[in-house]
Amino acid sequence: MKQKILITGGAGFIGSHLSERLLDEGHDVLCVDNYFTGTKANIAHLMENQQFELMRHDVTFPLYVEVDQIYNMACPASPVHYQYDPVQTTKTSVHGAINMLGLAKRVKARIFQASTSEVYGDPAVHPQTENYFGNVNPVGPRSCYDEGKRCAETLFFDYYREHQLRIKVARIFNTYGPRMHPNDGRVVSNFIVQALQNENITIYGDGSQTRSFCYVDNLIDGLIKLMESGDDFTGPVNIGNPNEFTIKELAEKIIEMTQSTSKLIYKSLPENDPVRRQPDITLAKKILGWEPSIELEEGLTHTINYFSDIPSSQDLDTKPERIEKYFQKSVSESA
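Everything in this summary refers to the structure shown in the same document. (Residues numbered from 1 in each chain as written. Predicted model: local features only at pLDDT ≥ 70, side-chain atom pairs only at ≥ 80, totals over all residues. Heavy atoms only, no water.)

### Some remarks on the state of the cysteines
Then step 1. Overall, the coordinates contain zero disulfides when judged by the stated rule.
Then step 2. No disulfide involves cysteine 75; its sulfur sits 8.0 Å from the nearest other cysteine sulfur, which is in cysteine 144.
Then step 3. The exposure class of cysteine 144 is buried, given its relative accessible area of 8%. (Disulfide = S-S within 2.5 Å. Buried < 20%, exposed > 50% of the residue type's maximum accessible area, 1.4 Å probe, protein only.)

Okay, structure coming up:
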C-alpha cells in the first residue's frame, strides 16, 4: 500500500539510499535535512520524481506535516562530524527524537529510530546481542553520540509504553557504500580515497581491532523489513553484517583491489574507540527473515567504483574544517 513517508536525514549517506528505495516501491517521500553532513548531490537524481519532496529543516525544531511513517535517520554518524559540535550532536539525537515522537503521536504514524552499535560502547561481550546493556563512557569525547543515541532509545520506549506509539528501533552496525563522505573518518572511505591517490593508509592503533562491514543495500533491506514488521515487534534489533575483519585486513584488501602503491602507517588509537565490534543477528534472522547477502569484496568493488568516478576529495563538500579540528584534537589527546 502506498504510504506518505518522512525521512529525517534523508540527504545523508544512508538516508539517500532509503529515499531512493522507497520511491522505487511507489511511496511518497518527504526528505528532511539541514545539510550538516547530508548533501543535495546525494538526492539530486531524485528531484524530478513527482513523488519526492525535499525540505530543509533541523529536527531539533518541531515539524508539522502529515505522514504515515517516519524514519528518524538525522544525526551525524562519524566521529569527525559528531565531535565537531558535540552539544548539537546530543541535541539532534535527543531533541530530534522528542520532536519526531511528538509528530508520530499527533498523526498516529509508525516511527523508526536509527540507533547504532555505539550504544554498546567498547563491548565486554562479543558478539553483541540486543540484551547486552553496553560498556559506554558517559563523559568521553564520543559520549555525545553514544549517549545521545542511548537516550533516544529510552525516549522511544517510553513513548511506546506511555502512549502506545508504534515504534521500531534498529541498531545499525558499520555500513559502507556509494555516497559516503570521502573524508569523514570512517575506515572504508578513508582507506579507499587514500589508496586511489596512492597515499599512505593511516591505521589508528595496531590494526588488530575488528569491525563488521555491511553493504548499504543490505542494510536498507533490513530497515524496511523492520518497519514493515508487525506492531508487536519493536526491536531493538541489530542490523549489520556478522562477518568480522581486522582493520589491517581491510586496508590490505583495499590496496590489493585498487592496485595501489600505498603503504600502511600507524597512529595512536583515539580515546574510547571500540576494540571489537560484531553483531549477533539471530533476532533479525528469526523475526525479520533478514541477513546480509553481499560479501565484503563485492561491496568494496561497488564502493571503489563510486570513488573512482567522483572528483578528488579536495573538490567535494567534505567540511574540511571539521576534519582538521577532529584530527588536531585526536593528536593532542594522544600525545
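### Focus on the sheet that holds strand E4 (residues 69-72)
Through backbone hydrogen bonds, the strands of a sheet pair up, either in parallel or in antiparallel fashion.
Then step 1. If you trace the seven strands from one edge of the open sheet to the other, you get E3-E2-E1-E4-E5-E6-E11, paired in parallel fashion. Every interior strand has two partners, whereas the edge strands, strand E3 (52-56) and strand E11 (237-239), have only one. Strand after strand, the sheet turns through a mean of 20° between neighbouring axes, direction not considered.
Then step 2. As judged from the six bridges shared by strand E5 (residues 110-116) and strand E6 (residues 167-172), these two strands associate in the parallel manner. (Pairing = 2+ DSSP bridges. Helix = DSSP H or I, 4+ residues; strand = E, 2+ residues; numbered from the N terminus. Axes fitted to C-alpha atoms, helices over the stretch in contact; angles between N-to-C directions.)

### Points about the nonpolar core
Then step 1. Within the largest apolar cluster, 56 residues are counted, with the highest numbers of intra-cluster contacts made by Tyr71, Met73, Phe112, Leu223, Ile239 and Leu300.
Then step 2. The greatest single-element share of this core, amounting to seven residues, is contributed by helix H7 (residues 216-227).
Then step 3. If we ignore the near neighbours within four places in the chain, the residues touching isoleucine 239 are Ala170, Arg171, Ile172, Phe173, Leu219, Gly222, Leu223, Ala284, Leu288 and Trp290.
Then step 4. In terms of nonpolar packing, the next biggest core, distinct from the first, is built from 26 residues, Leu63, Ala74, Leu101 and Ile111 among them. (Core = buried A, V, L, I, M, F, W, Y, C linked by side-chain atoms within 4.5 Å. Contact = heavy atoms within 4.5 Å.)

### Structural notes on the pattern of salt bridges
Then step 1. Applying the stated rule across the entire model yields 13 salt bridges.
Then step 2. With its nearest N and O atoms 3.1 Å apart, the salt bridge here joins glutamate 147 to arginine 150. Residue glutamate 147 and its partner arginine 150 are located together in helix H5 (residues 143-163), separated by three residues, close to a single helical turn.
Then step 3. Judged by relative accessible area, which is 27%, arginine 150 ranks as partly exposed.
Then step 4. Via salt bridges that share partners, Glu118, Arg142 and Arg277 belong to a single interconnected network. (Salt bridge = Lys/Arg side-chain N within 4 Å of Asp/Glu carboxyl O.)

### Section: the side chain of glutamate 153
Then step 1. Tracing the backbone shows glutamate 153 in helix H5.
Then step 2. One polar contact links glutamate 153 to serine 115, side chain to side chain, over a distance of 2.5 Å.
Then step 3. What glutamate 153 contacts, discounting residues up to four positions off in sequence, is Ser115, Val119, Val169, Arg171 and Pro236. (Polar contact = N/O pair within 3.5 Å; in protein donor to acceptor, adjacent residues only side chain to side chain.)

### Digging into the packing of aromatic side chains
Then step 1. Using the criterion set out here, one finds nine aromatic pairs in the structure.
Then step 2. Judged by centre distance (6.1 Å) and plane angle (40°), the rings of tyrosine 120 and phenylalanine 173 are tilted. One end of the pair, tyrosine 120, is in the loop between E5 and H5; the other, phenylalanine 173, is in the loop between E6 and strand E7 (175-176), and 53 residues separate them in sequence.
Then step 3. For tyrosine 120, a relative accessible area of 0% translates into the label buried.
Then step 4. Each ring, one from tyrosine 306 and one from phenylalanine 307, has its centre 5.2 Å from the other, and the planes form 75°; the classification is edge-to-face.
Then step 5. Judged by its relative accessible area of 23%, tyrosine 306 is partly exposed.
Then step 6. Owing to a relative accessible area of 6%, phenylalanine 307 belongs among the buried residues under this scheme.
Then step 7. An aromatic cluster of three or more residues is present, and its members are Tyr120, Tyr132 and Phe173. (Phe/Tyr/Trp six-rings, centres within 6.5 Å; stacked < 30°, edge-to-face > 60°.)

### Topic: helix H6 (residues 187-196)
Then step 1. Across the ten residues of H6, eight count as buried, placing the element largely inside the fold.
Then step 2. Turning to H6, its buried residues are Val188, Ser189, Asn190, Phe191, Ile192, Val193, Gln194 and Ala195.
Then step 3. Tucked into the core, H6 has its buried residues touching E7, strand E8 (201-204), helix H8 (247-258) and helix H10 (296-309).

### Structural notes on the packing of helix H1 (residues 13-24) against H7
Then step 1. Remark: H1 packs on H7, axes separated minimally by 10 Å, with the N-to-C direction vectors making an angle of 65°. You can see that H1 and H7 cross each other, and the crossing is right-handed. Here Phe13, Ile14, His17, Leu18, Arg21 and Leu22 of H1 come into contact with H7, specifically with Val216, Asp217, Leu219, Ile220, Asp221, Leu223 and Ile224.
Then step 2. Of the residues belonging to the contact of H1 with H7, the class tally is nine nonpolar, one polar and three charged. (Left-handed = near helix turned anticlockwise from the far one by under 90°. Nonpolar A, V, L, I, M, F, W, Y, C, P; charged D, E, K, R; others polar.)

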